[in-house]
Amino acid sequence: MSALRAQVEQPVRLFATSREAEQLVAGILAARIRSNPASVLGLATGASMIGVYRELARMHPAGGLSFARVTTFNLDEYCGLAAGDPSGFAAYMDRNLFDHVDADRRRLHLPEGDDAGPARYEAAIAAADGIDLQLLGIGRNGHIGFNEPGSQGTSRTRVVELAPPTLAANANDFPTGVAMPRKAITMGIETILSARRIVLLATGAAKAKALAGALEGEVGPHNPASFLQQHPDVTVVCDLAAAAELRNIPKIENSHA
Ligand code: GLP
């Protein structure tokens, strides 16, 4: 499919507030789990996802949403952290979602940055028959997972060096005085594009430039999220602030309509 056609077909769902956008994304994930309780989900971290996971955790007891048969694969993880390090994405997932739902720990996967880690992760995803629905955020420089600018569309799970803007943006995850890792393991662009459906959540003004470049700019490694134009089933959910630089501005939706 041409990039242009994919772009035209990609629905961008715009909400006035980040909270409404997060609720819609949580609703999409919940609907997927309800239609197939054994779904394979690709999960993301970052501040943008906290409201999504809070809503899913609320739906677990309130709406009878069960994670017992769900398999998950997180996009990325820092290299070199001790198991259980509170700054790591494994601890983030426990804190924000897994500790609050009935997930089966044996089905929850995060990549590990040892030498054999990338191949092991790709094999585990393949053994699960691939990812049904991949949740994505976007970095201020257009990164998806930790695929920084310069990442190729053919990249698979690998260890990468973090770019200076990412180190700066994520420094707050680490206590003062603790050096943050400069390397991480991430699914590659091609790994992400292998998911059958992708949902990208972008909220806040800091994402406006990267989002416009991803959806309306040229496809290429300068903006890794632009490769999403090559996927046939991407839903982009954003708030007004993140949509500020889109030229083809979508109509604002009301999540309660
Ligand atoms: C992080 C993660 C990404 C995430 C992005 C945006 O570093 N590796 O998966 O989407 O950067 O994070 P935030 O939502 O905090 O802006």
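You'll find the structure just up there.
Our subject in this report is the structure included herewith. (Residues numbered from 1 in each chain as written. Predicted model: local features only at pLDDT ≥ 70, side-chain atom pairs only at ≥ 80, totals over all residues. Heavy atoms only, no water.)

**Overview of the overall build of the protein**
Helix and strand content of the protein: eight helices and eleven strands. What you see for the protein is a C-alpha radius of gyration of 17 Å, in line with the 18 Å of a compact globule of 257 residues. On the principal axes, the C-alpha backbone points of the protein span a range of 45 × 40 × 40 Å. For the protein, the residues scored as buried account for 53% of the 257 residues in total. Contacts spanning at least 24 positions in sequence make up 80% of the contacts within the protein whose residues lie at least 6 apart. Summed over all atoms, the accessible surface of the protein reaches about 11,400 Å², with 53% contributed by carbon and sulfur. Of the side-chain charges in the protein, 24 are positive and 27 negative, and the distance between the mean point of each set is 4 Å. (Helix = DSSP H or I, 4+ residues; strand = E, 2+ residues; numbered from the N terminus. Rg over C-alpha atoms; globule rule 2.2 N^0.38 Å. Buried < 20%, exposed > 50% of the residue type's maximum accessible area, 1.4 Å probe, protein only. Contact = heavy atoms within 4.5 Å. Areas by Shrake-Rupley, 256 points an atom, 1.4 Å probe, with all protein chains shown as cover. Lys, Arg positive; Asp, Glu negative; His and termini not counted. Charge placed at Lys NZ, Arg CZ, Asp CG, Glu CD.)

**What about the site of the ligand?**
Among the 13 residues in the neighbourhood of the ligand, the closest are listed as Ala-47, Ser-48, Asp-76, Asn-170 and Lys-207. Contacts to the ligand include Asp-76, whose side-chain N or O atom sits 2.8 Å from a nitrogen atom. Contact with the protein chains covers 90% of the free accessible surface of the ligand, which is 390 Å². Classifying every residue of the shell around the ligand by side-chain character gives four nonpolar, seven polar and two charged. (Near = heavy atom within 4 Å. Polar contact = N/O pair within 3.5 Å; in protein donor to acceptor, adjacent residues only side chain to side chain. Nonpolar A, V, L, I, M, F, W, Y, C, P; charged D, E, K, R; others polar.)

**Some details on the pattern of salt bridges**
All chains considered together, the criterion is met by 13 salt bridges. A salt bridge links Glu-112 to Arg-120, with the nearest nitrogen and oxygen atoms 3.0 Å apart. Residue classification places Glu-112 among the partly exposed positions, given a relative accessible area of 47%. On the accessibility criterion, Arg-120 (39% relative accessible area) is partly exposed. Residues Glu-190 and Arg-156 are paired through a salt bridge, measuring 3.0 Å at the closest nitrogen-oxygen approach. Here the residue Glu-190 occupies a position in helix H7 (residues 189-193), and Arg-156 occupies one in the loop between strand E6 (133-136) and strand E7 (158-161), the gap between them amounting to 34 residues. (Salt bridge = Lys/Arg side-chain N within 4 Å of Asp/Glu carboxyl O.)

**Side note on the nonpolar core**
Counting 63 residues, the largest nonpolar core has Val-52, Tyr-53, Leu-56, Phe-67, Leu-97 and Leu-211 as its most contacted members. The greatest single-element share of this core, amounting to eight residues, is contributed by helix H2 (residues 18-35). Not counting residues up to four positions away in its chain, the partners in contact with Val-52 are Glu-22, Val-25, Ala-26, Leu-29 and Leu-201. With ten residues, the next largest nonpolar core counts Leu-110, Val-160, Leu-167 and Ala-184 among its residues. (Core = buried A, V, L, I, M, F, W, Y, C linked by side-chain atoms within 4.5 Å.)

**Some points on helix H4 (residues 89-96)**
Among all positions of H4, only Phe-89, Ala-91, Tyr-92, Met-93 and Asn-96 are buried. Residues of H4 that are buried sit in contact with strand E2 (40-43), helix H3 (50-62), strand E3 (71-74) and strand E4 (76-78).

**Structural notes on the pairing of E6**
Residue alternation in E6 divides its side chains into two sets, Leu-133 and Leu-135 and Gln-134 and Leu-136, and both sets are buried. Sheet topology places E2 next to E6; two bridges connect them, and they run parallel. Paired with Gly-42 across the two strands is Gln-134, which belongs to E6. Both E6 and strand E9 (residues 197-202) contribute to a ladder of four bridges, which runs parallel. Each residue of the ladder has a partner; that of Leu-136, found in E9, is Leu-200. (Pairing = 2+ DSSP bridges.)

**Some words on the sheet that holds strand E11 (residues 252-253)**
Across a sheet, strands are paired by hydrogen bonds formed along the backbone, either parallel or antiparallel in direction. Strand order in the open sheet formed by eight strands is E5-E3-E2-E6-E9-E10-E1-E11, and the pairing between neighbours is parallel. Two strands lie at the open edges of the sheet, namely strand E5 (108-109) and E11, each paired on one side alone.

**Here's the deal with the sheet that holds E7**
Spatial ordering of the open sheet is given by E4-E8-E7, a layout of three strands whose pairing is antiparallel. With one partner strand each, in any of the chains shown, E4 and E7 form the two edges of the open sheet. Here the strands of the sheet are splayed against their neighbours by 30° on average, with no regard to which way each runs. Pairing of E7 with strand E8 (residues 183-186), which is carried by four bridges, proceeds in the antiparallel orientation. Note on E8: the bridge partner recorded for Val-160 is Ala-184. (Axes fitted to C-alpha atoms, helices over the stretch in contact; angles between N-to-C directions.)

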